[in-house]
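Single-letter residue listing:
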Amino acid sequence: MTPVLQLEGVGKTYQRGDEQLRVLVDFDFTLDAGEFVVVTGPSGAGKSTLLHVAGGLDAPDSGTVAVTGQDVWSMSAGARAAFRRRNLGFVFQFFNLVPTLTAVQNVSLPLVLDGVSARYADARAEELLQRVGLGDRAAHLPAELSGGQMQRVAVARALVARPSIVLADEPTGNLDSHSSAEVLRLLRSLSDEDGAAVVMVTHDAVAARYGSRELHLVDGRASAVDDAAPIGDR
């Protein structure tokens, strides 16, 4: 089977004044459908950069990035944006919800931007809000929701186009322990029940144990972590 995500020889360097910061160094990574890979490591190790490069948001300096067998960085900017909307879901630490849109409108927005009919987009959004336990909050604005509820809306939005891959950057960083556990169980269910591939960046050791595989990233290179059985496998 073709991996849903494959990075080969990826390099990324940032210029900070007179200093060059090598964030990813000849980086190889393969992700299969149904995997939940957790990426850990110290601040500045390149974890978020890895997600941005893999997700078609930040161009690598070298190497290739293939999503479902297609070279993301050989596409034009417009084609890449359309490809992202249809194949990749993003969940960020700070939710990134549009404050003037309701929960259902926030979830349906990627479909609307892709030209899908409003009736179908809203029906799909309502279906996902039910799944994440927020069917009764569909008409609420973000300011009327708790942090955990806003993150669940963000997860629903990430799923609305039925992506092959969900990329989550510190999705529990602003949540209390109860809300964190809810979001982590939801992310785990995407791989277990939907067959989606999930890559999650986290500093949280408890959150890391929800993955099926852990990579520890230091100085632009990753090593596999062999530790206690993941929570999701118990």
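Just above, that's the structure.
By convention here, each chain's residues receive numbers from 1 onward along its written sequence. Where totals are concerned, whole chains, interfaces and linings use all residues; where local detail is concerned, this predicted model gives features only for residues with pLDDT of at least 70, and gives and counts side-chain atom pairs only at 80 or more. Computation of side-chain values covers all heavy atoms of the structure but excludes hydrogens and water.

**A look at the sheet that holds strand 3 (residues 36-40)**
- In this analysis, strands are considered paired if DSSP registers two or more bridges between them. Numbering goes from the N terminus for both helices and strands, where a helix is a DSSP run of H or I of at least four residues and a strand is a run of E of at least two. On the basis of which strands lie adjacent, the open sheet formed by 6 strands has the order 6-7-8-3-9-10 and mixed pairing. Where the open sheet ends on each side, the last strands, each with one partner, are strand 6 (88-92) and strand 10 (221-225). Geometrically, the sheet is characterised by an average inter-axis angle of 20° between neighbouring strands, direction not taken into account.
- Summarising the sheet, strand 3 and strand 8 (residues 197-201) pair through 4 bridges and their orientation is parallel. Paired with F36 across the strands is V198, a residue of strand 8. Fitting a line to C-alpha atoms yields each axis, with helices limited to the stretch in contact; the angle taken between N-to-C directions then spans 0 to 180 degrees.

**Comments concerning the side chain of E170**
- Mapped onto the elements of the fold, E170 is located in the loop between strand 7 (165-169) and helix 6 (177-194).
- Despite its burial, E170 pairs with no opposite charge; the closest candidate is K47, at 5.3 Å N-O.
- Counting of polar contacts relies on pairs of N or O atoms within 3.5 Å, with two restrictions inside protein: one atom must be capable of donating a hydrogen and the other of accepting it, and residues adjacent in sequence are counted only when both atoms are side-chain atoms. A polar contact of 2.4 Å, which involves the side chain of E170, links it to the side chain of H203. Only protein chains enter the calculation, and the probe is 1.4 Å; a residue is then buried if its accessible area is under 20% of its type maximum, exposed if over 50%, and partly exposed in between. Note on charges: Lys and Arg go in the positive column, Asp and Glu in the negative column, and His and the chain ends are not counted at all. Here a salt bridge means any side-chain nitrogen of Lys or Arg lying within 4 Å of a carboxyl oxygen belonging to Asp or Glu.

**A word on the pairing of strand 4 (residues 62-67)**
- Relative to strand 4, strand 1 (residues 5-16) is paired through 5 bridges, and the arrangement is antiparallel. Counterpart to E8 in the pairing with strand 4 is T64.
- Counted between consecutive antiparallel strands, the loop separating strand 4 from strand 5 (residues 70-71) contains 2 residues, among which T68 sits at a positive phi close to 50°.

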